[in-house]
Amino acid sequence: MARILIVEDEPNMVRTLAKILERRGFGVASASDGREALSVLESQSIDLVLTDLKMPGMGGMEMLTKMRARGLERPTLVLTGYGTVQSAVEAMKLGAADYLIKPCNPDELLLLVERQLESRRLRLENQRLREEVRRSRGLGELVGQSGPMLDLFRMIDAVSQTKSNVLITGESGTGKELVARTIHERGPLADRAFLAVNCAGMSETLVDSQLFGHKRGAFTGAVVESEGLFLAATGGTLFLDEVFEIPLALQAKFLRAIQEREVTPLGSSRPISVDVRIIAATHHDLESEVRAGRFRSDLYYRLNVVTLMIPPLRDRRDDVPALVDHFTRAYGRSYRVEPKRVTPRALDALAAYFWPGNVRELGNAIERAFALSRDGEIDLDDLPPPVRGETTVPRAEEQVPRLEDVERQVIRIALERSQGNKNQAARLLGIDRQRLYRKIEKYGIKH
């Protein structure tokens, strides 16, 4: 039975309202002013508040403010006279759900009460279901119940309620952008913009233009003016993936944007104020890069207010079954078929594999298996050879492959591992970018 708190200093009005509500089966508590009402809310289970605005002692406006400050929010209906409707509107800005003009029409009172109680019931039910899903699977789109992931979820929950800058670290394929989106969507900026940019593979001018904007004619090809991502994300979150790739010469300008909350577009001398939360990510050890002089220490400390380290998949193998289930359901929706069953021996192989490409590689393996498998199940034979534990052994006459075949294959692997990022692929191969371009052209590698 729902309990309703009547906050009213006139005893006759309390008796009238209580009679109407009790006849409909509601439980009723009462308080003569806001201070007493707060005490009741802290000590009793109350589902809805029905309050006057003008009372001796603490009035309704102050009570609403303190309810919010103390985390005692309840659906609240305000009682007001004909001449104080404006006050009721002000009360709604403080969190009141609706208002009633005295003297109350019983039917209108009951309609509003039942509507607000139903709305609260649905919100609580949704919250319960979200918590249930979270306990069983993970946090939002992040899947996992292993110790390392639960630690990460706790950190995400805490940092999402602040506007502090966050640095996310982890190997390629661990889901750094997904973590950044989860932080944004669970926090106070959820209804604001979330913009993401990958800093890798862009020239200094292009990074400068994308982040800070440019005026028309600022450089060759700048035929229209651009506001830049800092300005576009104002009020929201800007996610910078592979932040280590920001050219060293541009890092001072980037630091100023974070520190002074202003940017100067290319081709302009006038700074523009911005207010944006920064979430940055990298698979590099920025502390080592700072010591090596490849990343500014002052920028590192500005970004590194809170650090979240995403564990590699090999360190949370207990999460593999849940991730496999997640991907089979996702690809089932994509292919518009029922999720395919994964056989025990296929699941054992998936759990035992090292996963150098982490969750991204697992997702690719499941998508491949989903496309190739027959009927409604994925078996061991449907998985990629490395996952099955197989290695390709060449015949005797093929023991020494041609050098260009080896080079072509190694370059393809590097491009695949770096998701087409040529700067990163060149570093993996230990060659400069121009040399990589020449080899890509020589071997006709599609990328």
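The model shown is predicted, which means the values in this text are computed figures rather than measured ones.

S.K.: I'm lost on the sheet that holds strand β14 (residues 306-309) in this one. Help?
M.R.: Think of a sheet as strands paired side by side through backbone hydrogen bonds, with each pair either parallel or antiparallel. Spatially, β9-β10-β13-β8-β14 is the arrangement adopted by the five strands of the open sheet, whose pairing is parallel. Each of the sheet's edge strands pairs with one partner strand only, and the pair in question is β9 (194-198) and β14. Each strand axis lies, on average, 20° off the axis of its neighbour in the sheet, ignoring direction. Strand direction decides the pairing type here: strand β10 (residues 237-241) and strand β13 (residues 277-282), joined by five bridges, are parallel.

S.K.: What is the right way to look at the packing of aromatic side chains in this model?
M.R.: For any two aromatic rings, the description comes down to two numbers: the centre-to-centre distance and the angle of the planes. Per the counting criterion, the structure on display carries nine aromatic pairs. Measuring from centroid to centroid gives 4.6 Å for Tyr353 and Trp355, while their planes differ by 90°, and the two rings are edge-to-face. You can call Tyr353 buried: its relative accessible area is 16%. For Trp355, a relative accessible area of 1% gives the class buried. A connected cluster of aromatic rings, assembled from ring pairs, spans Phe327, Tyr331, Tyr335 and Phe370. In this structure, Lys340 is placed above the aromatic ring of Phe370, and the distance from its NZ or CZ to the ring centre is 5.0 Å.

S.K.: Help me understand the nonpolar core in this model?
M.R.: One recurring pattern in soluble globular proteins is that nonpolar side chains are buried together. Among the nonpolar cores identified, the biggest contains 31 residues, and Phe230, Leu240, Phe254 and Leu303 are the most heavily contacted of them. Sorting elements by how many residues they give to this core places helix α10 (residues 248-260) first, with five residues. With sequence-adjacent residues up to four places away left out, Leu240 is seen in contact with Val197, Cys199, Leu211, Phe254, Ile278, Ile279, Ala280 and Ala281. Ranked by size, the runner-up nonpolar core spans 23 residues in total, among them Val320, Tyr331, Trp355 and Ile378.

S.K.: Help me understand the sheet that holds strand β3 (residues 48-52), please; the structure alone is not making it clear to me.
M.R.: Spatially, β2-β1-β3-β4-β5 is the arrangement adopted by the five strands of the open sheet, whose pairing is parallel. Both edges of this open sheet fall to β2 (27-31) and β5 (98-101), since each of them pairs with a single strand only. Across the sheet, the mean angle separating the axes of adjacent strands is 20° when strand polarity is ignored. Here strand β4 (residues 76-80) runs beside β5; their pairing, made up of four bridges, is parallel. Paired with Thr80 across the strands is Ile101, a residue of β5. Helix-sheet contacts for helix α1 (residues 11-23) involve β1 (3-7), β2, β3 and β4, and the interaxial angle to β1 is about 165°.

S.K.: Explain the pattern of salt bridges here, please?
M.R.: Proximity of charged atoms lets side chains of opposite charge pair with each other. Within this structure, the stated rule accounts for 20 salt bridges. Two residues, Glu262 and Arg256, come together in a salt bridge whose shortest N-O distance is 2.7 Å. Among the salt bridges present, the one from Arg341 reaches Glu377, with a minimum N-O distance of 2.9 Å. On the criterion of sequence distance, the pair formed by Arg341 in strand β15 (residues 341-342) and Glu377 in strand β16 (residues 377-378) is long-range, its members being 36 residues apart. You can call Arg341 partly exposed: its relative accessible area is 46%. In the salt-bridge network here, residues are joined through shared partners; they are Glu8, Asp52 and Lys102.

Rules behind the numbers
- Residues numbered from 1 in each chain as written.
- Predicted model: local features only at pLDDT ≥ 70, side-chain atom pairs only at ≥ 80, totals over all residues.
- Heavy atoms only, no water.
- Pairing = 2+ DSSP bridges.
- Helix = DSSP H or I, 4+ residues; strand = E, 2+ residues; numbered from the N terminus.
- Axes fitted to C-alpha atoms, helices over the stretch in contact; angles between N-to-C directions.
- Phe/Tyr/Trp six-rings, centres within 6.5 Å; stacked < 30°, edge-to-face > 60°.
- Buried < 20%, exposed > 50% of the residue type's maximum accessible area, 1.4 Å probe, protein only.
- Lys NZ or Arg CZ within 6 Å of the ring centre and 35° of its normal.
- Core = buried A, V, L, I, M, F, W, Y, C linked by side-chain atoms within 4.5 Å.
- Contact = heavy atoms within 4.5 Å.
- Salt bridge = Lys/Arg side-chain N within 4 Å of Asp/Glu carboxyl O.

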